[in-house]
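Chain by chain, the residues:
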There are 2 protein chains.
Amino acid sequence: MSELRKDPILGDWVILAPGRASRPFDTGNNRSGESSEVCPFCKGNENETPAAVMTISDDDADDWAVRVIPNRYSAVTSFDTAGSDAGTSEQTAGSIPAPGYHEVFVESPTHHQAMRELSESQVSLILQAWRDRLREVSVDPAVAHTMIFRNEGAAAGASLEHVHSQLLATSFVPARIGAELDAGRTHYELTGQLAWTAMLERELFDRRRIITESEHFVLLCPFASRFPGEMCLLPHVSSPGFETTSDEDLKLLTAVLRKAIVKLDRVFQGAAFNLGLHTAPPRDPGRPYYHWHMTITPRLTGIAGFEVGSGAWINIVSPEDAANRYRTSSS
Amino acid sequence: MSELRKDPILGDWVILAPGRASRPFDTGNNRSGESSEVCPFCKGNENETPAAVMTISDDDADDWAVRVIPNRYSAVTSFDTAGSDAGTSEQTAGSIPAPGYHEVFVESPTHHQAMRELSESQVSLILQAWRDRLREVSVDPAVAHTMIFRNEGAAAGASLEHVHSQLLATSFVPARIGAELDAGRTHYELTGQLAWTAMLERELFDRRRIITESEHFVLLCPFASRFPGEMCLLPHVSSPGFETTSDEDLKLLTAVLRKAIVKLDRVFQGAAFNLGLHTAPPRDPGRPYYHWHMTITPRLTGIAGFEVGSGAWINIVSPEDAANRYRTSSS
């Protein structure tokens, strides 16, 4: 049973999920938990995982190409269970059950370990799965926030090698996303323009941090990048929610995303990375002022005491330098 | 030349410090930079580092016991340099030089790799050095915030093995500390009580998260711990700034801090950890409502995509369970 706890000083939420301590590992991240012998994500091992909530197939194949399953070691509790357990004596003042959806996207039937190894059509199917699951879980009125994320490599926090991504839908809006929403709304009220649109205009004029552009999408290194080589991928034209992306735009996005992943690998030689898809919370009043975007974060340097304690960041590679290296690398 | 960059959406500060990319490593964290052959912190190698800004000796010894030096790979630029460079064409709109102090406390003349190996009197001298340097740099009117932190072990972000800690004084208040200050002030205005005092009262009544208590100090696992086994060490009686701690209290604090470090090692077998000393910024209006505290964070699990992207945290070990394990371990 997962539990939400509010920090008594800061008011931030922490998800307490003791059930995740027993999840299996095959990436060397096995400080706790047991080592996995059979890859539960490979085709043929479907009985090692919960039943799929969705599968996507290639046009010309019967078998699944992308498989979406509930996370067996979920960080949250299903809304049904959380509801029936609400109010039990297990609860401490200030904590409540942590309801939500935690799903895994098995991104390939074969045991690839890196997104860069996947074909363009396969990546396109993954993006389609992300969009469709976001659309589906956002309908639930208890969902306040949804996020898609990918951990690739042990240094990025991955516990299993097989290419996969995750959806986490929660009953609260996390601190950083809440701050983005507030800032977006305030910026609009003050200027009549979206904060992300204003940022994009400045970046496209300046060009030093632009990596590549296509018809509908821009890939850049953020001006205030927190991590060396951090990238941001976003549409030119503002769109609050990723779940409304058209099939045609998914195809255009696929090309830019693959370019980003290949460039990351070329410049930072197989570095672990996180990918986060930030999309407007379905029912937040700040939604119209949001602009969905992906953040791709190579994990080259540790997160040390200053960052953990202060919430401020020290970055040792300038985004202009990173963008220049990305621009000049082949992809 | 370090630079401060403000995130155009969130308004958070990032310190851009390309000079730190070339710092030496001997902990296995050497993704970039060069490997160190001679330990620059060992007695006899003082000429490998900048000249000390302070040294502390044992009562009955001539040689230094703790040595404080400017960080050669500073995350910030000295206030003098930053001032003279202000307004050059190197600056981008929205970025300014990052002035401050970044100092290293060499915590022992001999090559110890863990704080738990240091004697009680040695730890007491380290705390004295922290207090005295905080007092000194806080006098500078350009300093908005000071933090002491320790990274022990590669997983905690340490680049050198030899026991050391750091002071970072900046011209801005980091996001998380700013939020603590705001919350502390609001809590006082609403209730007439300090937020930390209220939290301590609840915890001392409940007792499930208390690890140990002494005459003036309490060691506990925070209710909304972000990391497995996270500890908080704080004085019973509110005191905003660590720099006003008396010599007598430093001795009492030493005993509890050593207990915490030994218990951490017993329960989590040599785990890497961060220690952060949060003390009220010298000139912040929220200062009277702050309560200095130390956070000790074992680094057992990686920080993955959800945390990096959302600013919310998933913790797989309940603080009640952690406190119980700490309580029953010897120390």
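Here we look at the overall build of chain A
Then comes step 1: Summing up its helical and strand segments, chain A has seven helices and 14 strands in all.
Then comes step 2: Taking 2.2 N^0.38 as the reference for a compact globule, 331 residues should give roughly 20 Å; the C-alpha atoms of chain A span a radius of gyration of 20 Å, in line with that estimate.
Then comes step 3: Expressed as lengths along the three principal axes of its C-alpha atoms, the size of chain A is roughly 55 × 50 × 40 Å.
Then comes step 4: Within the span of chain A, comprising 331 residues, buried residues form 51% of the whole.
Then comes step 5: Long-range pairs, those at least 24 residues apart, make up 70% of the contacts in chain A between residues at least 6 apart in sequence.

Focus: the pairing of strand β12 (residues 273-278) of chain A
All names here are of chain A.
Then comes step 1: The element β12 is largely enclosed, with a buried count of six among its six residues.
Then comes step 2: Side chains F273, L275 and L277 of β12 all project onto a buried face; the interleaved residues N274, G276 and H278 project onto the opposite face, where all are buried too.
Then comes step 3: Two strands pair when backbone bridges link them, and strand β7 (residues 145-152) and β12 are joined in this way by six bridges, in the antiparallel orientation. Within β12, the residue paired with N151 across the bridge is N274.
Then comes step 4: Strand direction decides the pairing type here: β12 and strand β13 (residues 293-298), joined by six bridges, are antiparallel. What sits directly across from L275, in β13, is I296.

A word on the pairing of strand β6 (residues 100-106) of chain A
All names here are of chain A.
Then comes step 1: With seven of seven residues buried, β6 lies mostly within the body of the structure.
Then comes step 2: Across the two faces of β6 the burial is the same, with G100, H102, V104 and V106 and Y101, E103 and F105 all buried.
Then comes step 3: Relative to β6, strand β4 (residues 66-70) is paired through four bridges, and the arrangement is antiparallel. Residue pairing across strands places P70 opposite E103, the latter belonging to β6.

What to know about the sheet that holds strand β14 (residues 313-315) of chain A
Then comes step 1: The strand order across the open sheet formed by four strands is β14(A)-β2(B)-β1(B)-β5(B), and the pairing between neighbours is mixed. Because the sheet does not close on itself, it has two edges, and the strands there are β14 of chain A together with β5 (95-97) of chain B. Neighbouring strand axes in the sheet, compared pairwise and without regard to direction, differ in orientation by 30° on average.
Then comes step 2: Two strands pair when backbone bridges link them, and β14(A) and strand β2 (residues 13-16) of chain B are joined in this way by three bridges, in the parallel orientation. The partner of N315(A) across the bridge, within β2(B), is L16(B).

Quick notes on the rules
- Residues numbered from 1 in each chain as written.
- Chains lettered and ligands numbered in written order.
- Predicted model: local features only at pLDDT ≥ 70, side-chain atom pairs only at ≥ 80, totals over all residues.
- Helix = DSSP H or I, 4+ residues; strand = E, 2+ residues; numbered from the N terminus.
- Rg over C-alpha atoms; globule rule 2.2 N^0.38 Å.
- Buried ≥ 20, exposed ≤ 12 C-beta atoms within 10 Å, placed from the backbone.
- Contact = placed C-beta atoms within 7 Å.
- Pairing = 2+ DSSP bridges.
- Axes fitted to C-alpha atoms, helices over the stretch in contact; angles between N-to-C directions.

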